[in-house]
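Descriptive structure summary
Listed here are the chains, written in short residue letters.
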Amino acid sequence: EYGPTADVKVRQALYYSFNLNEFVESYYKDEKSGDILANVQYHPYSQLSWAVDDDFLGKLNKYEFDLEKAASILDEAGWTVGSSGYREKDGQVLELNIAAMPDHDILATLIPMWQRDWEENLKIKLNVAYLEFNTMLDYVIYDSDNNVDKWSVFFLATSIPTTDPHELYPEFHSKEIGSGKDNTARYRNDRVDQLFDEGKAIFDIEKAKPLYQEIALILNEEVPKIPVYANTYFDLYNEKLKNFETNSLFDWVAALEEAYIEE
């Protein structure tokens, strides 16, 4: 909600100039098998969610990496390269404050990519601040009201604990904006609020599905968040371990209750 990232065109340009496939293929490639142990996706739901189907996936903008398109979007929005050497609009430099954690191996890959494509290629000024983890959480969650002017972009890995798309309510509903609340992007959209409010009262998932698909399509267009990857995990267990039933949404901690070792 503050600075250049308040402009949806800036957010869209950042998406087009963020090479997600390059990151996933570099960071999540298993060197022995050659398998890529993560997937790129363009919505914030679980891949197993009842809100996700082929028709919905076909409607999403895939934001294929395209620096020329990103530059064109910025030019058309009035963010042009000025005398400073960076993009400017009405005397304001297109400057991004990136809140990052030190010694984080994912950020050690992402930040050089952003510096190459956002700063060097698109001429966006980047200021990278390496913050202790709790300070980062203060910035974006616990004391967010007093820190909106200090950051533009941050990365935190999160889990998707359920197939229910309503799980995203606190992340994108405007009621969740403010210190101690979960709408870290401080995103406001009346239609998204309305759809979440209507969706939570519908018990038939087939009737609820189009509402949650519309939410994801709006988020895909307005880019308050860029989903970067969804991991693929493989858990290996000793064959003596019995009744240890885990799955994508039922982790090993919960599964231990019924597990036992066969002598």
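Because the structure is predicted, anything quoted here is derived from the model rather than measured.

**Notes on helix 9 (residues 205-222)**
Between the first and last C-alpha of helix 9 there are 25 Å, a value that for 18 residues agrees with the 26 Å anticipated at 1.5 Å per step. For helix 9, the full list of buried residues reads Ala208, Lys209, Leu211, Tyr212, Gln213, Ile215, Ala216, Ile218, Leu219 and Asn220. Lining the buried residues of helix 9 we find helix 3 (54-59), helix 7 (169-172) and helix 8 (190-199). The N-terminus of helix 9 is capped by Asp204, whose side-chain oxygen sits 2.9 Å from the backbone nitrogen of Glu206. Of the residues one or two after helix 9, Val223 is the one with positive phi, at around 55°.

**Overview of the packing of aromatic side chains**
On inspection of all chains with the given rule, the structure shows 16 aromatic pairs. When the ring of Trp114 is compared with that of Trp118, the centres are 5.0 Å apart and the planes differ by 0°; the resulting orientation is stacked. Of the two residues, Trp114 and Trp118 both sit in helix 5 (residues 105-121), four residues apart, roughly one turn of that helix. Taken individually, Trp114 and Trp118 each receive the classification buried, so the pair is uniform in this respect. Consider the rings of Phe172 and Tyr187, whose centres lie 6.3 Å apart with planes at 90°: the pair is edge-to-face. One end of the pair, Phe172, is in helix 7; the other, Tyr187, is in the loop between helix 7 and helix 8, with 15 residues separating them in the sequence. Across the pair, Tyr187 and Phe172 agree in class, each one buried. Within the aromatic cluster, the residues linked to one another by ring pairs are Tyr15, Tyr16, Tyr42 and Tyr63.

**Some details on the environment of Tyr42**
Tracing the sequence through the fold places Tyr42 in the loop between strand 1 (38-39) and helix 3. Along the backbone, Tyr42 and Ile73 are 31 residues apart, and their C-alpha atoms lie at a distance of 19 Å. For Tyr42, the contacting residues outside a window of four places in its chain are Tyr15, Leu20, Asn21, Leu60, Asn61, Lys62, Tyr63, Asn220 and Pro227. Within the local environment of Tyr42, its side chain forms a polar contact with the backbone oxygen of Lys62, the two atoms lying 3.2 Å apart.

**Considering unusual backbone geometry**
Positive phi is not limited to glycine here, since Tyr63 has a value of about 45°. Looking at the element boundaries, Tyr63 is found in the loop between helix 3 and helix 4 (67-76). On the basis of relative accessibility, which here comes to 2%, the residue Tyr63 falls in the buried class. Even without glycine at this site, Val223 takes up a positive phi of about 55°. Among the structural elements, Val223 can be located in the loop between helix 9 and strand 8 (230-231).

**Some words on the sheet that holds strand 6 (residues 125-130)**
Pairing is parallel across the open sheet formed by three strands, whose spatial order is 6-5-7. Pairing within the sheet leaves two strands with one partner each, and these edge strands are strand 6 and strand 7 (153-154). Bridging between strand 5 (residues 95-100) and strand 7 involves two bridges; their strand directions are parallel. Bridge pairing in strand 7 links Ile98 to Val153. Sheet contacts for helix 5: strand 5, strand 6 and strand 7; angle to strand 6, the most-contacted strand, approximately 160°.

**Here we look at the pattern of salt bridges**
Evaluation of the coordinates by the stated rule reveals 14 salt bridges. In this structure, Lys209 engages Asp53 in a salt bridge whose closest nitrogen and oxygen atoms are separated by 3.5 Å. Taken as a pair, Lys209 in helix 9 and Asp53 in the loop between strand 1 and helix 3 lie far apart in primary sequence, 156 residues in all. For Asp53, a relative accessible area of 24% corresponds to the partly exposed category. The closest approach of N and O atoms between Lys59 and Asp55, which form a salt bridge, is 3.3 Å. Of this pair, Lys59 and Asp55 are both found in helix 3, four residues apart, which corresponds to roughly one turn of the helix. On the basis of relative accessibility, which here comes to 53%, the residue Lys59 falls in the exposed class. One network of salt bridges, with partners in common, ties together Glu1, Asp145 and Arg186.

About the thresholds
Residues numbered from 1 in each chain as written. Predicted model: local features only at pLDDT ≥ 70, side-chain atom pairs only at ≥ 80, totals over all residues. Heavy atoms only, no water. Helix = DSSP H or I, 4+ residues; strand = E, 2+ residues; numbered from the N terminus. Expected span 1.5 Å × (residues − 1). Buried < 20%, exposed > 50% of the residue type's maximum accessible area, 1.4 Å probe, protein only. Contact = heavy atoms within 4.5 Å. Polar contact = N/O pair within 3.5 Å; in protein donor to acceptor, adjacent residues only side chain to side chain. Phe/Tyr/Trp six-rings, centres within 6.5 Å; stacked < 30°, edge-to-face > 60°. Pairing = 2+ DSSP bridges. Axes fitted to C-alpha atoms, helices over the stretch in contact; angles between N-to-C directions. Salt bridge = Lys/Arg side-chain N within 4 Å of Asp/Glu carboxyl O.

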